[in-house]
Amino acid sequence: MSSQSDSLPRPTRAEAEEAVRTLLRWGGEDPTREGLLDTPSRVVKSYEDFYSGYRDDPREILSRTFSEVDDYDEIVLLRDIRFESHCEHHMVPIIGRAHVAYLPRSRVVGISKLARVVEAYARRFQIQERLTAQIANTIDEILQPHGTAVILEAGHQCMTTRGVHRPGVSMVTSRMLGVFRDNSDTRRELMAMLNRPQLSEF
């Protein structure tokens with residue numbers, strides 16, 4: 001699933017590689033130097049991985065659910081989902097962890113699907129606020145649970161490696177929907193689950 005407008009046709013691979021050569025020259029390098037000869041093709045190949053989320057449909061990822069839950073009506077939480085994204089303002093990495101929770105109404109989804117939804121949205125040009133909202137809104141729309149909660153903690157290299165150069169700073173964003181927004185007891189229960197120590201093994 002691509003967000004690219006039909007009015008903006010996708011460049012060819014050759015055009016993308018030539019753009020990398022232009023940036024190398026702009027940076028003061030010689031793209032014909034031996035060590036840089038294969039750099040354009042390597043960069044384009046890496047971009048295919050970095051931005052693979054444009055080829056994924058997060059709603060389709062959540063389309064297969066399960067109703068045999070034996071009346072399970074407690075929080076489902078997937079903690080510490082590592083994600084890698086890229087700042088749409090400077091095209092540098094955003095690296096962090098996502099915590100995704102929902103309170104099932106009648107159906108649950110395989111936990112790997114929650115991680116895949118995070119990745120599908122993360123592997124696009126992003127700002128953290130929008131990424132948080134997209135993950136939460138999609139889970140809430142497709143699963144229709146009693147509530148959905150998404151919390152992201154991330155470091156932004158646009159802040160740590162350029163500009164103000166402040167390493168060690170993390171940004172935290174959250175989106176609470178349904179009972180996680182309206183019921184303070186449910187929200188406190190979620191926060192308590194998140195604050196439990198990591199389990200080293202199972």
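Before any of the text, the structure's been laid out above.
Here's what I pulled together on the structure shown here. (Residues numbered from 1 in each chain as written. Predicted model: local features only at pLDDT ≥ 70, side-chain atom pairs only at ≥ 80, totals over all residues. Heavy atoms only, no water.)

1. Focus on unusual backbone geometry
As a rule of thumb, non-glycine residues mostly have phi less than zero, and peptide bonds are mostly trans rather than cis. Applicable threshold: Only DSSP runs of H or I with at least four residues qualify as helices, and only runs of E with at least two residues qualify as strands; both kinds are numbered from the N terminus onward.
We note that Met91 has phi near 60°; this positive angle belongs to a residue other than glycine. Checked against the element boundaries, Met91 lands in the loop between strand E2 (76–87) and strand E3 (93–103).

2. Details of a negative patch on the surface
Quick note on the threshold: To count toward a patch, a residue needs a relative accessible area above 30% and no salt bridge. Like charges then connect within 9 Å, nonpolar side chains (Val, Leu, Ile, Met, Phe, Trp, Tyr) within 5 Å. The accessible surface values rely on the Shrake-Rupley method and a 1.4 Å probe; as for residues, cover is taken only from the protein chains in view. Salt bridge, as used here: a side-chain nitrogen of Lys or Arg that lies within 4 Å of a carboxyl oxygen of Asp or Glu. Here the positive residues are Lys and Arg and the negative ones are Asp and Glu; neither His nor the chain ends is included. Think of each charge as sitting on NZ of Lys, CZ of Arg, CG of Asp or CD of Glu.
Taken together, the side chains of Asp70, Asp71, Asp73, Glu74 and Glu189 define an acidic patch exposed on the protein surface. Mapped onto the secondary structure, Asp70 falls in the loop between strand E1 (65–66) and E2.

3. Quick look at the pattern of salt bridges
Once the charged atoms of two side chains with opposite charge are near each other, the side chains can pair. In plain terms, the rule: Relative accessible area decides the class of each residue, using a 1.4 Å probe on protein chains only: under 20% of the type maximum gives buried, over 50% gives exposed, and in between gives partly exposed.
If you walk through the whole model with that rule in mind, you get 16 salt bridges. Across the pair Arg21 and Glu18 runs a salt bridge, and its minimum N-O distance is 3.2 Å. In this pair, Arg21 and Glu18 are both assigned in helix H1 (residues 13–26), three residues apart and thus about one turn of the helix distant. The exposure class assigned to Glu18 is partly exposed, which follows from its relative accessible area of 36%. A salt bridge links Glu153 to Arg97; the shortest N-O distance between them is 3.4 Å.

4. Quick word on the environment of Pro40
Let me state the cut-off plainly: Any two residues having at least one pair of non-hydrogen atoms within 4.5 Å are treated as being in contact.
Among the secondary structure elements, Pro40 is positioned in helix H2 (residues 39–50). In this structure the C-alpha to C-alpha distance between Pro40 and Glu17, which are 23 residues apart in sequence, comes to 4.8 Å. When residues no more than four places from it in sequence are discounted, the contact partners of Pro40 are Glu17, Val20 and Arg21.

5. Considerations on H1
Applied cut-off: For a helix, the expected span equals 1.5 Å multiplied by the residue count minus one. What the arc describes is the spread of directions from the helix axis to the C-beta atoms.
End to end, H1 covers 20 Å across 14 residues, agreeing with the expected 20 Å (1.5 Å per residue, within 8%). Buried within H1 we find Glu17, Val20 and Leu24. Viewed end-on, H1 has its buried residues packed into an arc of 50°, placing them on one side of the element. Exposed positions of H1 whose direction lies more than 90 degrees from the buried face are Leu23 and Trp26. Where H1 is buried, its residues meet H2. Trailing H1 by a residue or two, Gly28 shows a phi angle of about 105°, which is positive.

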